[in-house]
Amino acid sequence: MPTSPCAVPLAHATRLLNHGPTVLVSAAHDGLRNVMAAAWNMPLDFEPPKVAVVIDKNTFTRTLIEASGQFVVAVPTRAQAALTLAIGSRSGRDGDKFVALGLDTLPASRVTAPLPVGCIAWLECRVIPEPHVQQTYDLFLGEVLAAWADPAVFAGGRWQFDDPETRSIHYVAGGRFLMIGEAFDV
């Protein structure tokens, strides 16, 4: 994370996810914290901004989200692909993944979940309770309370992926990722 992440106006918060990146989802409750990788996520609404993310019943992150009613969605980079795979390949029930993987965090401004350092965007969310949807489809809806981005990569309300190492990643399967490609105007 840059020393000074820039606040993203909530009206532009959905732009942080509209290109479909794999994300990290962090949560914390009662002194415990966890982070997981999630490929199935998307922006959902503009005013107020909302997101949707699939969080399996068996994850420790879900336990913390259900207890706290909050979570953070963070956008990792190409440089963090191995870390993202490692995060998605182990359980937080076996110990603090942040410590085990050497992933530093910063405090969020509106939620208790930590912000993973090194990502290029962060959305602080409160759960919009939809018990049937959560139990039946493992789908969590979140209202974005605050949004942040690395100003070297997101400025003027747009992504600027000049450096391949700071591009967002997209999980395919079996340890394979794609990174966002070249931008072009029409």
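All values derive from a computational prediction rather than experimental measurement.

S.K.: Give me the lowdown on the overall build of the protein chain, citing residues and values where you can.
M.R.: A count of helices and strands for the protein chain gives four helices and 14 strands. Relative to the compact-globule value of 16 Å for 186 residues, the protein chain shows a C-alpha radius of gyration of 15 Å, a close match. For the protein chain, the proportion of its 186 residues judged to be buried stands at 46%. Counting contacts in the protein chain only where the partners sit at least 6 residues apart, residues at least 24 apart contribute 67% of the total. When the accessible surface of the protein chain is totalled, it reaches about 9100 Å², and 55% of it is carbon and sulfur. The average position of the 14 basic charges and that of the 18 acidic charges among the side chains of the protein chain differ by 3 Å.

S.K.: So what's going on with the packing of aromatic side chains? Residues and values would help.
M.R.: Under the criterion given, the structure shown has three aromatic pairs. Each ring, one from W159 and one from F161, has its centre 5.0 Å from the other, and the planes form 15 degrees; the classification is stacked. Note on Y171 and F177: the rings are 5.0 Å apart at their centroids and 65 degrees apart in plane angle, and the pair reads as edge-to-face. Residue classification places Y171 among the partly exposed positions, given a relative accessible area of 33%. Among the aromatic side chains, those forming a connected cluster through ring pairs are F154, W159 and F161.

S.K.: Explain the pattern of salt bridges residue by residue, including any values.
M.R.: Overall, the coordinates contain seven salt bridges when judged by the stated rule. We note a salt bridge from D45 to K50, for which the minimum N-O separation is 3.2 Å. Take K50: its relative accessible area is 18%, and that puts it in the buried class. Here R62 and D138 are joined by a salt bridge, their closest N and O atoms 2.6 Å apart. Of this pair, R62 sits in helix α1 (residues 60–68) while D138 sits in the loop between α4 (131–137) and β10 (139–149), placing them 76 residues apart in sequence. With respect to class, R62 is no different from D138; both count as buried.

S.K.: Explain the environment of R15 residue by residue, including any values.
M.R.: With respect to the helices and strands, R15 occurs in the loop between β1 (6–7) and β2 (23–29). On the accessibility criterion, R15 (32% relative accessible area) is partly exposed. Sequence separation between R15 and E130 is 115 residues; the distance between their C-alpha atoms is 24 Å. Apart from the residues lying within four places of it in its own chain, the contact partners of R15 are F154, G157 and W159. Polar contacts involving the side chain of R15 include one to the main-chain carbonyl oxygen of G157, which spans 2.8 Å.

Parameters at a glance
Residue indices follow the written sequence of each chain, beginning from 1 at its first position. Residues qualify for local features only when their pLDDT is at least 70, as the model is predicted, and side-chain atom pairs are given and counted only at 80 or more; totals for whole chains, interfaces and linings, by contrast, use all residues. Note that the side-chain values use all heavy atoms of the structure and ignore hydrogens as well as water. Runs of E in the DSSP output that reach at least two residues are strands. Runs of H or I that reach at least four are helices, and both are numbered from the N terminus. The globule rule is 2.2 Å times the number of residues to the power 0.38, and the radius of gyration it is compared with is taken over C-alpha atoms. Each residue's exposure class comes from its accessible area (1.4 Å probe, protein chains only) as a fraction of the maximum for that residue type: buried when under 20%, exposed when over 50%, partly exposed otherwise. Whether two residues are in contact is decided by their heavy atoms: any pair within 4.5 Å suffices. Throughout, the Shrake-Rupley method with a 1.4 Å probe supplies accessible areas, and for residues the shown protein chains are the sole cover considered. Charge assignment: positive for Lys and Arg, negative for Asp and Glu; neither His nor the chain ends contribute. Charge positions come from single atoms, namely NZ of Lys, CZ of Arg, CG of Asp or CD of Glu. The rule is short: rings of Phe, Tyr and Trp, with Trp giving its six-membered ring, pair when the centres are within 6.5 Å, and they are stacked under 30 degrees, edge-to-face over 60, tilted in between. By definition here, a salt bridge exists when the distance from a side-chain nitrogen of Lys or Arg to a carboxyl oxygen of Asp or Glu is within 4 Å. Counted as a polar contact is a pair of N or O atoms within 3.5 Å, where, for protein atoms, one must be capable of donating a hydrogen and the other of accepting one, and residues adjacent in sequence contribute only when both atoms are in side chains.

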